[in-house]
Amino acid sequence: MLPPWWRTWWAYLLYLLFVVGVVYLILKLRLQQERRLELARSAERERFRKRSSQDFHDEAGTKITRIALITELAKQSSNNNTQLEEYLDQIDENLQELNIGMRDFIWALDPAKDNTHDTLSRFVEFAGKFCEQAGIQFKSQHIPDNLKSRVLNMADRRHLLLILK
């Protein structure tokens, strides 16, 4: 006597395939959901980096400019007090160094610069200025535009810039 069709070996095989298929679909949907969530988080981090970069640039730039103006006014009012003028010159030098450091920090934060082309361009700019001040001849070649599509994350760009410096 034959068992009913739902108790045959091929029915059990279909049941097993169905369960495996459902588990597979659940896992696939879960992975897609996690991927979408990670993309949303990544996009939010990029927006935060961009906003922070712009806000920091505006705020710090304004403060540095104010300090530079006050320093210049103090120099003009120093009445040839050489000691005071030396201090003000030191403040001015430190402001220039702070401004350069701040520009590097903002550059590293800016997500629009997360590519090899902009990193190399920044290196050429930095090295050119440095070599010019040191009296060293510096030459660079054209940086190919196709390097704009090569992604380089913020941490790597920052580390490379620090190594160059």
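As a convention, each chain's residues are numbered from 1 in the sequence order in which they are written. Per-residue local features of the predicted model are confined to residues with pLDDT of at least 70, and side-chain atom pairs are confined, for both listing and counting, to 80 or more; whole-chain, interface and lining totals are unaffected and use all residues. As a convention, hydrogens and water are excluded, and side-chain values are obtained from all of the structure's heavy atoms.

## Considering the side chain of S78
Stated formally: Only DSSP runs of H or I reaching four residues or more are called helices, and only runs of E reaching two or more are called strands; each is numbered from the N terminus. Two N or O atoms count as a polar contact when they lie within 3.5 Å, although within protein this holds only if one can serve as hydrogen donor and the other as acceptor, and sequence-adjacent residues are included solely when both atoms are side-chain atoms. We call two residues contacting when some pair of their heavy atoms lies within 4.5 Å.
Within the fold, S78 resides in the loop between α1 (9-76) and α2 (82-109). Polar contacts involving the side chain of S78 include one to the main-chain carbonyl oxygen of K75, which spans 2.9 Å. Among the polar contacts made by the side chain of S78, one reaches the side chain of E85 at a distance of 2.8 Å. Apart from residues lying up to four places away in sequence, S78 is in contact with L84 and E85.

## Regarding the nonpolar core
Just so we agree on the cut-off: Residues belong to a common nonpolar core when they are buried Ala, Val, Leu, Ile, Met, Phe, Trp, Tyr or Cys residues joined through side-chain atoms within 4.5 Å. Only protein chains enter the area calculation, which uses a 1.4 Å probe; residues under 20% of their type maximum are buried, those over 50% are exposed, and those in between are partly exposed.
Counting residues in hydrophobic clusters, the biggest one holds five residues: A60, I64, L95, M102 and I106. For this core, the secondary structure elements donating two or more residues are α1 and α2. Considering each element in turn, this core owes the most residues, three residues, to α2.

## Some points on the confidence of the model for the protein chain
The test is simple: The quantity called pLDDT is the predictor's confidence in a given residue, expressed from 0 to 100.
For the protein chain, the average pLDDT comes to 88, and 100% of its residues sit at 70 or higher. Least confident of the elements in the protein chain is helix α4 (residues 154-164), whose mean pLDDT is 81; most confident is α1, at 92.

## Details of the packing of aromatic side chains
Selection criterion: The rule is short: rings of Phe, Tyr and Trp, with Trp giving its six-membered ring, pair when the centres are within 6.5 Å, and they are stacked under 30 degrees, edge-to-face over 60, tilted in between.
Scanning the entire structure with this criterion turns up five aromatic pairs. Between F126 and F130, the aromatic rings sit 6.3 Å apart at their centres with planes inclined by 10°, giving stacked as the arrangement. You can see F126 and its partner F130 sitting in helix α3 (residues 116-134), four residues apart, about one turn around the helix. On the basis of relative accessibility, which here comes to 49%, the residue F130 falls in the partly exposed class. Three or more aromatic residues joined by ring pairs make a cluster, and in this case those are W5, W6 and W10.

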